[in-house]
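Report on the structure
The chain contents come next:
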Amino acid sequence: MAFNHLPAGMHDALRPLSVKPVTHSVPMAKKLRPSRPQESAGARPSPGAVLDRLTAGESRATRITHTEHLPPRAGRHAVWPDRIRTEVIAAIQSAGIEHPWTHQAQAAEHALDGESVVIATGTASGKSLAYLAPVLTALLDGSEAPNGRGTTALYLAPTKALAADQRRSVKALAGPLGNAVRPAVYDGDTPVEEREWVRQYANYVLTNPDMLHRGILPSHPRWASFLRALRYVVIDECHTYRGVFGSHVAQVLRRLRRLCARYGANPVFLLASATSAEPAVAAGRLTGLPVREVADDASPRGELVFALWEPPLTELQGEKGAPVRRTATAETADLLTDLTVQGVRSVAFVRSRRGAELIALIAQERLAAVDRSLPQRVAAYRGGYLPEERRALERALHSGELLGLAATTALELGIDVSGLDAVVIAGYPGTRASLWQQAGRAGRSGEGALAVLVARDDPLDTYLVHHPEALFQQPVESTVLDPDNPYILAPHLCAAAAEIPLTDADMELFGPAAADLMPQLEAANLLRHRGKSWYWTRRERAADLTDIRGEGGRPVQIVEAATGRLLGTVDASAAHASVHDGAVHLHQGRTYLVQHLDLEDPHGPVALVEEANPPYSTTARDTTAISVLETDTEIPWGEGRLCFGSVEVTNQVVSFLRRKLITGEVLGETKLDLPPRTLRTRAVWWTVTEDQLDAARVDPEQLGGALHAAEHASIGMLPLFATCDRWDIGGVSVPLHPDTLLPTVFVYDGHPGGAGFAERAFHTAREWLTATREAISSCECEAGCPSCIQSPKCGNGNDPLNKRAAVRVLSVLLKGAPKPPEAPERPAE
């Protein structure tokens, strides 16, 4: 049996979970507009009182394993720098904001001084206002310039929804400034007839890195007047730009800076991050510039009551007669129902699209039994909705028409949801940073809020709700990216050469690895060297060499068979598992059954569905295998081997389970005949022999858990040596692999062709695996925990794992590792 550990963003092969940092202070929601009034009459109940109501009754009370109380914090006001235009200050005051917080004034001062700055304060701390004050001032100054176009600004968001939401906010705030501020969204949803107007007349363009990479930079001559006047570049939610995606965005920004310089502009970068460890360091890597840091949050914060919640055991039995807990989905639906009945404005964050739809559906059914008007006050929000559906939900949330929302992280990065009273998190989201980001969506200035983490029936979640110190006494994770990774840098050098021929003077901008790559790109016939410049000479667009998000494949359209109506889309990488034949698909409170998934339709892949009401949900089951294509390098490690080379990772959805909606009880399994999906990439792997296992006192029953545990821990430690993100790499551990004929652990790059991480792991293997062993053995836990061998993205539910056997296997492996060469003796002086 292979225990697979999948990376995020597996392109057109398999795309596992993707999934943000502050020392121990709780981030709260980004806010431009004033707080909304409490809907119910009378005094608003405290978060403790709300929690007391949720836990009323003996069975409910025992589900709380820990309650953390974070005290309120008073705000600290300042005055706007005197260079902020009085008209801008008046517009801010008319929006209900009389004085800035200290961090807002500090960030604005840096921006006005021409210094790039990152604002790393909590959600609801007013980061948007901190960068908008200097941006609006610059646009207002520019509107009075005699040359017509004046000053421009560019806003980058990781999602279309966030850019659209920011445009609404900017338009409302800048209303009193008249035509001096002309905001416009420019992305894939922008109608063709509007795009020319945006290029010619908008002075505050809101877009995303994808459109900048594929649309704006390759067409820079048409954007010449905009780029020539570019004063500020705003990068919102910059903590999302991490790993391979973040490294791609870093090179896109370097291309932008190069073109701006060619047109005579030198824009200042203003970055906003709700939760960020070492924000200035990460922002500097992202932009390639020195960045000032403003991280002292001066905004007020009400009390936050954070409860850890463990669902109860049921009478059902799982494998080997093990007891089964009630699902986090059912428990979260109950909590959302109770909060809605109380009139508490809430959002439930769920890891999957299906989970969000199911929680909303269960809550609506239960609310209907209480009051027929209540079901319409709860909805689901997720990726894959049509643009008009998203906008309708966003309007309903802003107006207060919706009281409860079950949402994926599409909402976390989608729109402003400040002003909520409570947040329920269905399952640990994978990182402490993301946990605080979601919890921080609850709370209003000076008022308390409630956050509840509902544990899934999973070793990682179980550990966390019983070890609160792992959540509340640990700093959040760092944002990791490596713009100098040659696998990432190479296609951007080609794109830059296609925009304007590259010269030696450009090499410093693109980093130390750029100069060494140019001859390789010329040898590959991607660039041609003439005189002192490198040219792109191919007919195809150089920007199409890379997909910066690494998703790949055309999205699958979900169509109602009877009417031909388009319901939405699903990513190609997720289609096999979510819209296979017989799958239950939930959409806006309605349930559909997939009649047929047609991957060969000439107009694009389509899933035909019909409305139905089955008493079950469906869960796909898949298998993952890895095969060695070519071994580039092999080093003896005693009797074992350390190898590096090319591999093929194959994932196939083979069946689906039908489960009861509330209990999760399995009703049956149906086989599927779907084609496998493959990923060719680079990997490092190591083997051990039977004699080594005997020496390590590891018997066959322990072997699977030992290798699996070592695989998890090694993936967790690799970012210290390869400058990667653990979500960019994957792993497979096999007690007997058919290519090596030995117990083998693979760690591979989760990107086609590789991204350099496995190669770095190979060259630092002694240090890397030594650190892995030490991380496991020094952990004080008894049988394994998230700090050592449990993983938030394990495809096998962190089972089996054997901590002690993993240490013994790594010890015997490292015993045979080649000794590092000794440094030569220095000659006597």
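Up top is the structure.
I will try to describe carefully the structure that is included in this document. Treat the numbers as computed from the prediction; the structure is a model and nothing was measured.

Cut-offs used in this document
Residues numbered from 1 in each chain as written. Predicted model: local features only at pLDDT ≥ 70, side-chain atom pairs only at ≥ 80, totals over all residues. Heavy atoms only, no water. Pairing = 2+ DSSP bridges. Helix = DSSP H or I, 4+ residues; strand = E, 2+ residues; numbered from the N terminus. Contact = heavy atoms within 4.5 Å. Axes fitted to C-alpha atoms, helices over the stretch in contact; angles between N-to-C directions. Salt bridge = Lys/Arg side-chain N within 4 Å of Asp/Glu carboxyl O. Buried < 20%, exposed > 50% of the residue type's maximum accessible area, 1.4 Å probe, protein only. Phe/Tyr/Trp six-rings, centres within 6.5 Å; stacked < 30°, edge-to-face > 60°. Lys NZ or Arg CZ within 6 Å of the ring centre and 35° of its normal. Parallel < 35°, antiparallel > 145°, perpendicular 65-115°, else oblique. Left-handed = near helix turned anticlockwise from the far one by under 90°. Nonpolar A, V, L, I, M, F, W, Y, C, P; charged D, E, K, R; others polar. Core = buried A, V, L, I, M, F, W, Y, C linked by side-chain atoms within 4.5 Å. Patch = residues over 30% accessible without salt bridge, like charges linked within 9 Å, V, L, I, M, F, W, Y side chains within 5 Å. Areas by Shrake-Rupley, 256 points an atom, 1.4 Å probe, with all protein chains shown as cover. Lys, Arg positive; Asp, Glu negative; His and termini not counted. Charge placed at Lys NZ, Arg CZ, Asp CG, Glu CD.

Observations regarding the sheet that holds strand 19 (residues 527-530)
Pairing is antiparallel across the open sheet formed by 3 strands, whose spatial order is 18-20-19. Whereas interior strands pair on both sides, the edge strands pair on one side only; in this sheet they are strand 18 (502-503) and strand 19. Across 2 bridges, the pairing between strand 18 and strand 20 (residues 533-536) is antiparallel. Paired with Leu502 across the strands is Trp534, a residue of strand 20. This element, helix 19 (residues 486-499), spans strand 18, strand 19 and strand 20 of the sheet and lies at about 95° to strand 20.

With respect to the pattern of salt bridges
All told, the structure shown has 34 salt bridges when counted by the stated rule. With a closest N to O distance of 3.1 Å, Glu196 and Arg222 form a salt bridge. Of the two residues, Glu196 is situated in helix 7 (residues 192-201) and Arg222 in the loop between helix 8 (209-216) and helix 9 (224-228); the sequence distance between them amounts to 26 residues. When the shortest N-O distance is used, the salt bridge between Glu611 and Arg590 registers 2.9 Å. Note that Glu611 is positioned in strand 25 (residues 606-611) and Arg590 in strand 24 (residues 590-598), a separation of 21 residues in sequence. Judged by relative accessible area, Glu611 falls into the partly exposed class, the value being 43%. Several salt bridges converge on common partners, so that one network encompasses Arg63, Arg326, Glu331, Asp334 and Arg366.

A short note on the pairing of strand 23 (residues 584-587)
Residues Val584 and Leu586 line one face of strand 23 and the alternating positions His585 and His587 line the opposite face, and both faces are buried. The sheet contact formed by strand 23 and strand 24 spans 4 bridges and is antiparallel. Residue pairing in the sheet places His585 in a bridge with Tyr592 of strand 24.

Some words on the environment of Arg354
Relative to the assigned elements, Arg354 resides in helix 13 (residues 353-368). For Arg354, a relative accessible area of 25% translates into the label partly exposed. Sequence separation of Arg354 and His587 is 233 residues, and the distance between their C-alpha atoms is 8.7 Å.

Description of unusual backbone geometry
Omega for the bond connecting Asp799 with Pro800 falls within 30 degrees of zero, at 0°, which places this linkage in the cis form. Of note in the backbone geometry, Arg697 takes a positive phi value of approximately 55° without being a glycine. Along the chain, Arg697 falls in the loop between helix 23 (690-695) and helix 24 (700-717). By relative accessible area, Arg697 is classed as exposed at 58%.

Focus: the packing of aromatic side chains
Evaluation of the coordinates by the stated rule reveals 11 aromatic pairs. Ring plane angle 35° and centroid distance 5.9 Å describe the contact between Phe644 and Phe762, whose orientation is recorded as tilted. Of this pair, Phe644 sits in strand 27 (residues 640-660) while Phe762 sits in helix 26 (residues 757-763); the two residues are 118 residues apart in sequence, bridging distant segments of the chain. Among the residues examined, Phe644 registers a relative accessible area of 5% and is labelled buried. Three or more aromatic residues link up through ring pairs in this structure, and these residues are Tyr131, Tyr155 and Tyr204. The ring of Tyr186 is capped by Arg195, whose NZ or CZ atom sits 5.6 Å from the centre of that ring.

Focus: the packing of helix 24 against helix 27 (residues 765-777)
Orientation of helix 24 relative to helix 27, taken along the N-to-C sense of each, is 115°, at an axis distance of 9 Å. Relative to helix 27, the element helix 24 lies roughly perpendicular. Both helix 24 and helix 27 take part in a crossing whose hand is right-handed. Each of Ala709, Ala710, Ala713, Ser714 and Met717 in helix 24 lies in contact with helix 27, whose residues at this interface are Trp768, Leu769, Ala771, Thr772, Ala775 and Ile776. Classifying every residue of the contact of helix 24 with helix 27 by side-chain character gives 9 nonpolar, 2 polar and no charged.

Structural notes on the sheet that holds strand 5 (residues 183-185)
Taken together, the 7 strands give an open sheet; going across it, the order is 5-6-4-7-8-3-9, and neighbouring strands pair in parallel fashion. Each edge of the open sheet carries a strand with a single partner, namely strand 5 and strand 9 (292-294). Adjacent strand axes in the sheet meet at a mean angle of 20°, parallel and antiparallel pairs treated alike. Two elements, strand 5 and strand 6 (residues 204-207), share 3 bridges in a ladder whose sense is parallel. The partner of Ala184 across the bridge, within strand 6, is Val205. Strands strand 3 (117-119), strand 7 (230-235), strand 8 (268-272) and strand 9 of the sheet are contacted by helix 11 (residues 279-287), whose axis makes an angle of about 130° with strand 8.

Examining the environment of Arg292
Relative to the elements of secondary structure, Arg292 occurs in strand 9. Relative accessible area serves as the criterion here: at 41%, Arg292 is assigned to the partly exposed category. Separated by 177 residues in sequence, Arg292 and Glu115 have C-alpha atoms that sit 7.0 Å apart. Leave out the neighbours within four places in its chain, and Arg292 touches His110, Glu115, Ser116, Val117 and Val118.

Observations concerning the nonpolar core
Among the nonpolar cores identified, the biggest contains 108 residues, and Phe306, Trp686, Leu718 and Trp768 are the most heavily contacted of them. Once residues within four sequence positions are removed from consideration, Trp768 is found in contact with Val684, Ser714, Met717, Leu718, Phe721, Val747 and Ala761. Core analysis: the second largest hydrophobic core is formed by 42 residues, Ala107, Leu132, Leu140 and Tyr204 among them.

Brief notes about a negative patch on the surface
A grouping of Glu639, Glu690, Asp691 and Asp694 is seen on the molecular surface, where their side chains present a negatively charged patch. Residue position: Glu639 is located in the loop between strand 26 (616-637) and strand 27. With a relative accessible area of 44%, Glu639 lands in the partly exposed category.

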